[in-house]
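Here are the chains, one letter per residue:
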Amino acid sequence: MAVFVAAAEEGSLSAAARRFGLSVSMAGKHVSAIEADLNIRLMQRTTRKLILTDVGHAYYARCRRILEEYEDANREAGDAQQSIRGVLRVAAPLTFGAMHLGDVVAGYLEQHPGVALEIMLNDRYVDLLAEGIDVAIRIGRLLDSDLVARRLAPCRMVICASPKFLKRHGTLSKVEELRRAPRLAFSEAISSGDWTLTDPDGQAHLIDGPVIVAANNTQMLLAAALAGAGVAYGPSFVFGKSITAGELIALLPDYKTSDLTIQAVYPTKRHVSLKLRSFVDHLVTSFGGTPPWDLSPTE
């Protein structure tokens, strides 16, 4: 099977023979034996190259997956006998990483003292392969269809203001009141000035009043909201703890906001190192279920 896959990938029996240290005739016998067992032609042989038949294409795809699984099984068996060590390079959004990765990283290193982590916090898009990143945490829709993704947690959006601000401006219990309120907006959002809420009847409402502070960092907006500067809209992993503590008040709680997903992504399912696999598993365990920023004080 491995010789057949190599011949299909290389386009010749001689190249497949060199890969496995066989003679060309022996490589041909391996492929012919498979065809004889199946009683079907998998390859059309010419003097210059091999061309897969339609059946051969389908058979090749299956054989390749089987061999990949076989290699993965061997690697995992070998990894089980090895200690987890080495350098792991991790990329994450600035605010999420600063607020929530510290404890998670500490817990992982306590379990695996042989690992060193390089954490890069940046809100720009990171090309994992070009920049040598082992795993990245991303929020929202993924642009790279070739990346493997593991779901970590939901990312709820909330709209909130401080008691101090609401004392000056009223309870803001209606959409019309909210539209007139000064807003604190994340400038890097696709539509930083447009907030959409859906009422209990399923009708969408656009909140597009005056933006008095636009910033590219939600921690700064959190500080401004706590100080009473305006109404903030953003992820619960930024504002949730302050809402739970009563330092901020969630507005229009019966209205729905957009929900995103926080995911760990890495380049391929194959040849995933034990340290990478263990780190991603640790992230899933740490953030799985109800994430810590959405827990009430009694949970």
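Residues numbered from 1 in each chain as written. Predicted model: local features only at pLDDT ≥ 70, side-chain atom pairs only at ≥ 80, totals over all residues. Heavy atoms only, no water.

(A) Broad picture of the overall build of the chain. Scanning the chain from N- to C-terminus turns up 10 helices and 13 strands. Over its C-alpha atoms the chain spans a radius of gyration of 27 Å, topping by over 25% the 19 Å that the globule rule assigns to 299 residues. By principal-axis analysis of the C-alpha atoms, the chain measures approximately 90 × 45 × 30 Å. Put simply, the chain has 299 residues, and 40% of those count as buried. Of all intrachain contacts in the chain linking residues separated by at least 6 positions in sequence, the fraction that spans at least 24 positions is 74%. Surface exposure of the chain reaches about 16,400 Å², of which carbon and sulfur atoms provide 52%. Of the side chains in the chain, 32 bear a positive and 33 a negative charge, and the two mean positions are spaced by 4 Å. (Helix = DSSP H or I, 4+ residues; strand = E, 2+ residues; numbered from the N terminus. Rg over C-alpha atoms; globule rule 2.2 N^0.38 Å. Buried < 20%, exposed > 50% of the residue type's maximum accessible area, 1.4 Å probe, protein only. Contact = heavy atoms within 4.5 Å. Areas by Shrake-Rupley, 256 points an atom, 1.4 Å probe, with all protein chains shown as cover. Lys, Arg positive; Asp, Glu negative; His and termini not counted. Charge placed at Lys NZ, Arg CZ, Asp CG, Glu CD.)

(B) Expanded view of the nonpolar core. The biggest cluster of nonpolar side chains holds 40 residues, and the ones touching the most others in it are Ile-262, Leu-283 and Phe-287. Here this core takes six residues from strand E6 (residues 148–161), the largest share from any one element. (Core = buried A, V, L, I, M, F, W, Y, C linked by side-chain atoms within 4.5 Å.)

(C) Representation of helix H1 (residues 2–10). Looking only at H1, the buried set comprises Val-3, Phe-4, Val-5, Ala-6 and Ala-7. Gly-11 lies just past H1 and shows a positive phi near 80 degrees.

(D) Quick look at the packing of aromatic side chains. A complete count under the given rule lists eight aromatic pairs for this structure. Seen in terms of ring centroids, Phe-96 and Trp-293 are 5.7 Å apart; in terms of plane orientation they differ by 80 degrees. Their pairing is edge-to-face. Separated by 197 residues along the polypeptide, Phe-96 in helix H5 (residues 94–111) and Trp-293 in the segment after helix H10 (274–287) bring together distant segments of the chain. Here Phe-96 matches Trp-293 in class, with each residue buried. Ring centres of Trp-195 and Tyr-233 lie 5.1 Å apart, and the angle between their planes is 20 degrees; this geometry places the pair in the stacked category. Of the two residues, Trp-195 sits in strand E8 (residues 195–198) while Tyr-233 sits in strand E11 (residues 231–235), which places them 38 residues apart along the sequence. You can call Trp-195 buried: its relative accessible area is 2%. By relative accessible area, which is 12% here, Tyr-233 ends up buried. In this structure an aromatic cluster arises from ring pairing among Phe-96, Phe-237, Phe-287 and Trp-293. When the ring centre of Trp-195 is taken as reference, the NZ or CZ atom of Arg-183 above it lies at 4.5 Å. (Phe/Tyr/Trp six-rings, centres within 6.5 Å; stacked < 30°, edge-to-face > 60°. Lys NZ or Arg CZ within 6 Å of the ring centre and 35° of its normal.)

(E) Local environment of the pairing of E6. Pairing geometry for E6 and strand E13 (residues 259–266), over eight bridges, is antiparallel. The partner of Arg-156 across the bridge, within E13, is Asp-259. In terms of strand pairing, E6 meets E11 through four bridges, oriented antiparallel. Residue pairing in the sheet places Cys-160 in a bridge with Ala-232 of E11. Looking at chain direction, E6 and strand E12 (residues 249–250) are connected through two bridges and run antiparallel. Within E12, the residue paired with Ala-161 across the bridge is Ile-249. (Pairing = 2+ DSSP bridges.)

(F) Main features of the side chain of Thr-218. Mapped onto the fold, Thr-218 is located in helix H8 (residues 218–226). A polar atom in the side chain of Thr-218 sits 3.4 Å from the side chain of Thr-95. (Polar contact = N/O pair within 3.5 Å; in protein donor to acceptor, adjacent residues only side chain to side chain.)

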